[in-house]
Amino acid sequence: MASGKEIRGKIKSVENTKKITKAMEMVAASKMRKAQDRMRAARPYSDKIRNITSNLATANPEYTHPFMAKAKGTAAKRIGFIVVTTDKGLCGGMNTNILRLVTQQSRELEAAGNKIQAVAIGNKGLGFLNRVGVKVVSSVTQIGDTPHLDKLIGPVKVMLDEFQDGKLDAVYLCYTKFINTMKQEPMVEQLLPLPANKLEADRGSHGWDYIYEPDAQTVIDELLVRYVEALVYQAVAENLASEQSARMVAMKSASDNAGNVIGELKLVYNKARQAAITKELSEIVAGAAAV
């Protein structure tokens, strides 16, 4: 059995760890509220631009934007992944879940003869993609607690331009969707070409006749680019809200576990102290009996 001094040192160490995890839990709870407000604030714009894009897609049938054109049938397709992860760890299994899903999807596509490349948003995803050997065409890290669209446009535009030039046949967006504080769901959604069923679901119940200025093609071209950027920004906002929620839950669990460990160590310490007292008493009694 360890000595009392060693056990006291372990208790002190675990107590210090508990203080750190408790502080991180409180910080994550504060950031989580702000991240959720930011995510919810972005949803009305995202919903509205989806509705307008869906209506415009059918209002001008004589022009089809490259983002909506179906890929031509080829033996080997080129697939792009936009992988959204966190820059920091200590957020439970959130990154593990989304990266496991990305790995599963990419292996299935590679087994079918497709070539994979990726854009990494977040340090954890960038490191993982480099380790598994996926070609990373661009990346952005250190997004911070407040994502800015102008910082995200550059890396994402690399993949959008390749799709427009015909170098990619499909682009998938991978992120963690915020459901509630206790639940976050990893998602892999087709971003390009824009799925027809998704556009139909976003379309309003009424048809609209639009007047275009300067012309229909220019308006649709600009709007679809804004639409795709809105989807990426919304995915990053959802991922940040999920990150803070997952970190808060993980740190609370770590604090609770530290409390349990402290209780067990104190019990061991009391047993060791009682054993030492009993031993001393036995020696005293034995000495007295010998005299």
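Remember, it's a predicted structure, so these values are computed and weren't measured experimentally.

Draft legend 1. Local environment of the packing of helix H2 (residues 94-111) against helix H3 (residues 123-132). One way to put it is that H2 packs onto H3 with a least axis distance of 11 Å and a crossing angle of 40°. One element, H2, and the other, H3, form an angle in the oblique class. H3 is crossed by H2, and the crossing has right-handed handedness. Taking contact as the criterion, the partners of Asn-95, Leu-99 and Thr-103 in H2 are, on H3, Lys-124, Gly-125 and Phe-128.

Draft legend 2. Highlighting unusual backbone geometry. Cis rather than trans, the peptide bond between Leu-192 and Pro-193 has omega equal to -10°. A positive phi is found at Leu-90, a non-glycine position, where the angle reads about 60°. Mapped onto the secondary structure, Leu-90 falls in the loop between strand E1 (78-84) and H2. You can call Leu-90 exposed: its relative accessible area is 53%. With phi around 55°, Gln-142 is a residue other than glycine that occupies positive phi space.

Draft legend 3. Representation of the pairing of strand E3 (residues 135-140) in the model. As judged from the 5 bridges shared by strand E2 (residues 115-121) and E3, these two strands associate in the parallel manner. If you follow Gln-117 over to E3, its bridge partner there is Lys-135. Where the polypeptide runs from E2 across H3 and back to E3, its parallel neighbour, the crossover connection is right-handed.

Thresholds, definitions, all that
Residues numbered from 1 in each chain as written. Predicted model: local features only at pLDDT ≥ 70, side-chain atom pairs only at ≥ 80, totals over all residues. Heavy atoms only, no water. Axes fitted to C-alpha atoms, helices over the stretch in contact; angles between N-to-C directions. Helix = DSSP H or I, 4+ residues; strand = E, 2+ residues; numbered from the N terminus. Parallel < 35°, antiparallel > 145°, perpendicular 65-115°, else oblique. Left-handed = near helix turned anticlockwise from the far one by under 90°. Contact = heavy atoms within 4.5 Å. Buried < 20%, exposed > 50% of the residue type's maximum accessible area, 1.4 Å probe, protein only. Pairing = 2+ DSSP bridges. Right-handed = clockwise from strand over helix to strand, strands pointing away.

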